[in-house]
Amino acid sequence: MELNNVKDSAVVADDLPTTVDVLIAGAGPTGLALGVDLARRGVRALVVERQERLSPGARGTGLQPRTQEVYEDLGVLEAIQAVGGLYPPTALWENGRIARVHEMIERVDPTPAVPHSNTLMVPQFRNLEVLHARLTELGGSVLLGTGLTDFTQDTDGVTVRLQRVGGAPHTVRAAYLVAADGGRSTVRRALGVGMSGPSLEPGAALLADVRIDGLDRDHWHRWVLPNGAFTALLPLAGTDLFQTLIAAPEGTTDTSPETIRTLLAARTHLAADQIREVVWTSLFRPRAGMADTYRDGRVFLAGDAAHIHSPAGGQGLNTSVQDAYNLGWKLGQVLRYGAPDSLLDSYGTERRPIAARILDTSTRLHRSGSLHRGRDLHQLDIGYPDSPLTRELRTDLAEGTPVAGDRAPDAPCRTADGSPTRLFDAYQGPHFTVLALGDVELDESQLPADPALLRIVRVGGPAPNLLDAEGHVQDAYGSGPAVVLVRPDGYLALGAPAKDATTHVSAALTDFVGTAALQPAG
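Residues numbered from 1 in each chain as written. Predicted model: local features only at pLDDT ≥ 70, side-chain atom pairs only at ≥ 80, totals over all residues. Heavy atoms only, no water.

### Digging into the layout of surface pockets
Stage number 1. If you add up the space inside the second largest pocket, you get close to 300 Å³.
Stage number 2. As for the second largest pocket, its lining consists of 14 residues, and the residues nearest its centre are Ala 113, Gly 400, Pro 402, Arg 407 and Pro 409.
Stage number 3. Residue composition of the lining of the second largest pocket, by class: seven nonpolar, three polar and four charged. (1 Å grid on protein atoms, 1.4 Å probe; cavity = no way out; pocket = protein on both sides within 12 Å on 5 of 7 lines; lining within 4 Å. Points joined across faces, edges and corners; volume = space filled by probe spheres on them. Nonpolar A, V, L, I, M, F, W, Y, C, P; charged D, E, K, R; others polar.)

Below, the structure is given as structure tokens:
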């Protein structure tokens, strides 16, 4: 696969849409993930990107386990795994030889509840290519070389003015606008939304993707200067490139290939002629902050437009993709099923506290200089227990049982005919899932019949869809009869006792769909 060879073949200059449901500014991981999620929901979305190609550069490479679960649901995990790999051990060099080796990224064994347990290394340009391919497969559109210049909103929608490179201005009317246009977001600035956060110590780093001769690809190589400044070379999975990070000298602004070669030769044992090719470079200055609000009328902020972090701990890209995952299903419910507008308010209510937590974590790691990266960074413990969408009605739960607001764990099980399957297979897709555990009073005829909206899965009881042959479902969700409602983004919206389960599920669904969509199957 040629690097960054994506062209905007899905949209041509003579066939630009004038109306869409959602216009997404920015074709980074956030914008493309949101585009994929909306496309699979049948929502008409257009992604526009100022650059004339998808962003080059490995940039953020770490995909945490929770993001891998998101990618599995979006249908891209296998493709991502094919172009990624685990991080190698870190080799510390001294006097031209490897002095010691250690595991910087903790390895964790998978479990039935957590099938994806390790951070996956994927160059960001590959990440973008995979997401773009999936978006195209679903019939979605990306318009490259097109910048958002201005917009106005009213009670019914947003009028967005676009400027294409070499073309005439174009106006698009959208029900909603999502700013996924990065830390210097044009949309956020036009809204006048402020950013607040901690001040990070001044400094800079040179980033580069390079081809190098004479260096093994079995280690993440690191050199440390007497003053503590370091240089690192990470072999990028699925490529012949190394991602280079060089703590930049004071006042550095030059990112030329010659500068990269000179600094690598001066700070490592490598000779300048071993730096065969410098493919991409950038100067990075760490910043940290969070938008004061994530919503202004019909305009939403997501990803780096809403929060920026130190890269320490690999949290920023993952948090951004999960912003898109949270917002996507809510836009889909409003646009397709007439859900109340308050559902969209819950996007900021749920995601801003997560961003604040991640901001604290990444800032702490940045300041400490700690190199250890453990399971506390996997984002599997993220949840929404205090969300207005969360209802927990069960009492006397055993310790460790997931409650409303928690991530819905996976569990291997079997279909009624004995074939192996997983709960994640049942959850995959844009729908809600009612999980009836044991003998539950659930009248399916009184619940919505649209399988794109709601699916009912019975585990155990008199007429099960799934069999808990090895007890993994019980281990994950508890032993007592109960009903849980799983949101499209894989979190528990409702936990209720078996008695009157139909009433509890119907009441919970009123937060997520309009009156017409709530009409029962019967």
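There's plenty left to go through after this.
### Observations concerning the environment of Gln 379
Stage number 1. Along the chain, the position of Gln 379 falls in the loop between α8 (342–368) and β22 (391–392).
Stage number 2. Contacts of Gln 379, omitting those with residues within four sequence positions, involve Arg 66, Gln 315, Asn 318, Thr 319, Gln 322 and Ile 358.
Stage number 3. A polar contact of 3.4 Å, which involves the side chain of Gln 379, links it to the side chain of Thr 319. (Helix = DSSP H or I, 4+ residues; strand = E, 2+ residues; numbered from the N terminus. Contact = heavy atoms within 4.5 Å. Polar contact = N/O pair within 3.5 Å; in protein donor to acceptor, adjacent residues only side chain to side chain.)

### Points about the pattern of salt bridges
Stage number 1. A complete count under the given rule lists 28 salt bridges for this structure.
Stage number 2. A salt bridge links Asp 73 to Arg 40; the nearest nitrogen and oxygen atoms lie 2.8 Å apart. Separated by 33 residues along the polypeptide, Asp 73 in helix α2 (residues 65–74) and Arg 40 in the loop between α1 (29–39) and β2 (45–49) bring together distant segments of the chain.
Stage number 3. Relative accessible area serves as the criterion here: at 15%, Arg 40 is assigned to the buried category.
Stage number 4. Between Arg 66 and Glu 69 there is a salt bridge, and its shortest N-O distance comes to 2.7 Å. Of this pair, Arg 66 and Glu 69 both sit in helix α2, three residues apart, roughly one helical turn. (Salt bridge = Lys/Arg side-chain N within 4 Å of Asp/Glu carboxyl O. Buried < 20%, exposed > 50% of the residue type's maximum accessible area, 1.4 Å probe, protein only.)

### Considerations on empty space enclosed by the protein
Stage number 1. On inspection of all chains with the given rule, the structure shows four cavities of 30 Å³ or more.
Stage number 2. When its volume is computed, the largest cavity comes out at roughly 160 Å³.
Stage number 3. As for the largest cavity, its lining consists of 15 residues, and the residues nearest its centre are Glu 69, Asp 73, Tyr 325, Phe 424 and Tyr 427.
Stage number 4. Contributions of two or more residues to the lining of the largest cavity are made by α2 and α9 (423–427).
Stage number 5. Among the elements that line the lining of the largest cavity, the one with the most residues is α2, at five residues.
Stage number 6. Counted by class, the lining of the largest cavity contains seven nonpolar, two polar and six charged residues.
Stage number 7. Considering only enclosed or pocket space, the second largest cavity measures out at about 60 Å³ in volume.
Stage number 8. Taken together, Arg 41, Gly 332, Gln 333, Arg 336, Tyr 337, Pro 430 and Ala 452 make up the full set of residues lining the second largest cavity.

### Considerations on the sheet that holds strand β5 (residues 90–94)
Stage number 1. Taking strand neighbours across the sheet as the criterion, the seven strands line up as β6-β5-β14-β15-β16-β13-β17 in an open arrangement whose pairing is mixed. Strands at the two margins of the open sheet, each flanked by one partner only, are β6 (97–102) and β17 (275–284). Within this sheet the neighbouring strands show an average axis-to-axis angle of 25°, counted without direction.
Stage number 2. In the sheet, strand β15 (residues 230–235) pairs with strand β16 (residues 242–247) via five bridges, with the strands oriented antiparallel. Within the sheet, the bridge partner assigned to Ala 232 lies in β16 and is Leu 245.
Stage number 3. Each of β13 (205–212), β14 (220–224), β15, β16 and β17 touches helix α6 (residues 257–267); the most contacted strand, β17, lies at about 100° to it. (Pairing = 2+ DSSP bridges. Axes fitted to C-alpha atoms, helices over the stretch in contact; angles between N-to-C directions.)

### Details of the packing of aromatic side chains
Stage number 1. Summed over the entire model, instances satisfying the criterion amount to ten aromatic pairs.
Stage number 2. Between Trp 93 and Trp 223, the aromatic rings sit 5.9 Å apart at their centres with planes inclined by 20°, giving stacked as the arrangement. With a gap of 130 residues between them, Trp 93 in strand β5 and Trp 223 in strand β14 connect regions that are remote in the sequence. Like Trp 93, the residue Trp 223 is buried in the burial classification. (Phe/Tyr/Trp six-rings, centres within 6.5 Å; stacked < 30°, edge-to-face > 60°.)

### Some remarks on helix α11 (residues 501–509)
Stage number 1. All of the buried residues in α11 are Ala 501, Thr 502, Val 505, Ala 508 and Leu 509. Viewed end-on, α11 has its buried residues packed into an arc of 135°, placing them on one side of the element.
Stage number 2. Buried residues along α11 sit against β22, β25 (432–437), β26 (454–459), β28 (482–486) and β29 (492–497). (Arc of directions from axis to C-beta.)

### What to know about the side chain of Thr 119
Stage number 1. Mapping Thr 119 onto the fold places it in the loop between β6 and β7 (120–121).
Stage number 2. On the basis of relative accessibility, which here comes to 10%, the residue Thr 119 falls in the buried class.
Stage number 3. Looking at Thr 119, its side chain comes within polar contact range of the side chain of Gln 64, at 2.8 Å.
Stage number 4. Excluding residues that lie within four positions of it along the chain, Thr 119 makes contacts with Gly 62, Leu 63, Gln 64, Pro 65, Gln 68, Leu 86, Tyr 87, Ile 105 and His 378.

### Points about unusual backbone geometry
Stage number 1. Backbone geometry places Asn 95, a non-glycine residue, at a positive phi of 55°.
Stage number 2. Mapped onto the elements of the fold, Asn 95 is located in the loop between β5 and β6.
Stage number 3. Of note in this structure, Asp 500 is not a glycine but carries a positive phi near 55°.
Stage number 4. Summarising the element assignment, Asp 500 is placed in the loop between β29 and α11.

### Some words on the confidence of the model for the chain
Stage number 1. The share of residues in the chain with pLDDT of 70 or more is 94%, and the mean pLDDT across the chain is 92.
Stage number 2. Note on residues 1–5: pLDDT is under 50 here. Beyond four places in sequence and across chains, it has 15 contacts.
Stage number 3. Scored below 50 in pLDDT, residues 7–14 shows 17 contacts in the model against residues more than four places distant or in partner chains. (pLDDT = per-residue confidence, 0-100.)

### Observations regarding the environment of Thr 149
Stage number 1. Structurally, Thr 149 can be placed in strand β9 (residues 146–153).
Stage number 2. Residues Thr 149 and Gln 163, spaced 14 residues apart in sequence, show a C-alpha to C-alpha distance of 6.6 Å.
Stage number 3. Setting aside residues no more than four positions away along its own chain, Thr 149 makes contact with Arg 161, Leu 162 and Gln 163.

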